[in-house]
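# Fold and contact review
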Amino acid sequence: MVFHYEDYSFRFEDVTNELVSFLELEPTKGMAPDFILNKEYGDYYTEEQRRAVAVLVKELSTKDTWKHLARYFGENGVERVDEKSEVT
């Protein structure tokens, strides 16, 4: 099952229901917190830290998983993290 961050902005209720069903949970009653599209935390991390995370995530990901996650690591959806990337 794959959900992308932006899916919540277009299909919040459907995605939430699909996720709850997948996890075999019972839906709860009440209001969900507001979803804020394009909320970013870039100012919390240095460029070096963001690159280190990208390298780590790519290293730990399967090729299929990286295809889904790469879009979140850079301009135009993909910052190329090459095979020889080193983080100091």
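Here goes a summary of the coordinates provided. (Residues numbered from 1 in each chain as written. Predicted model: local features only at pLDDT ≥ 70, side-chain atom pairs only at ≥ 80, totals over all residues. Heavy atoms only, no water.)

## Looking at the overall build of the protein
Counting secondary structure elements, the protein contains three helices and zero strands. Counting helices and strands in the order they occur from the N terminus, the protein gives α-α-α. Classification of the 88 residues of the protein by burial places 14% in the buried group. For the protein, the share of sequence-separated contacts (at least 6 apart) that also reach a separation of at least 24 residues comes to 48%. (Helix = DSSP H or I, 4+ residues; strand = E, 2+ residues; numbered from the N terminus. Buried < 20%, exposed > 50% of the residue type's maximum accessible area, 1.4 Å probe, protein only. Contact = heavy atoms within 4.5 Å.)

## Some details on the side chain of histidine 4
You can see histidine 4 is positioned in the segment before helix 1 (7–22). Of the polar contacts made by the side chain of histidine 4, one reaches the side chain of tyrosine 72; its length is 3.4 Å. When neighbours within four sequence positions are excluded, histidine 4 is seen to be in contact with His68, Arg71 and Tyr72. (Polar contact = N/O pair within 3.5 Å; in protein donor to acceptor, adjacent residues only side chain to side chain.)

## Thoughts on the environment of valine 2
Residue placement: valine 2 occurs in the segment before helix 1. Valine 2 sits 63 residues away from threonine 65 along the chain, and the two C-alpha atoms are 9.3 Å apart.

## A short note on unusual backbone geometry
Note: most residues except glycine have negative phi, and most peptide bonds are trans. The backbone of glutamate 24 sits at a positive phi, close to 55 degrees, despite the residue not being glycine. Its location among the elements puts glutamate 24 in the loop between helix 1 and helix 2 (47–60). Take glutamate 24: its relative accessible area is 73%, and that puts it in the exposed class.

## Topic: a nonpolar patch on the surface
Residues Met1, Phe22, Leu23 and Leu25 make up a contiguous nonpolar surface patch of roughly 440 Å² in combined accessible area. Its relative accessible area of 46% is what places leucine 23 among the partly exposed residues. (Patch = residues over 30% accessible without salt bridge, like charges linked within 9 Å, V, L, I, M, F, W, Y side chains within 5 Å. Areas by Shrake-Rupley, 256 points an atom, 1.4 Å probe, with all protein chains shown as cover. Salt bridge = Lys/Arg side-chain N within 4 Å of Asp/Glu carboxyl O.)

## Points about the pattern of salt bridges
A full pass over the atoms with the stated rule returns four salt bridges. Here arginine 11 and glutamate 18 are joined by a salt bridge, their closest N and O atoms 3.2 Å apart. By relative accessible area, arginine 11 is classed as partly exposed at 33%. Here glutamate 18 falls in the partly exposed class, since its relative accessible area comes to 33%.

## Quick look at the packing of aromatic side chains
Evaluated as defined, the whole model comprises four aromatic pairs. An angle of 45 degrees between the planes, with centres 6.5 Å apart, marks the rings of phenylalanine 3 and tyrosine 8 as tilted. Exposure remark for phenylalanine 3: the relative accessible area of 22% places this residue in the partly exposed category. Among the aromatic residues, those joined into a cluster by ring pairs are Phe3, Tyr8 and Phe12. (Phe/Tyr/Trp six-rings, centres within 6.5 Å; stacked < 30°, edge-to-face > 60°.)

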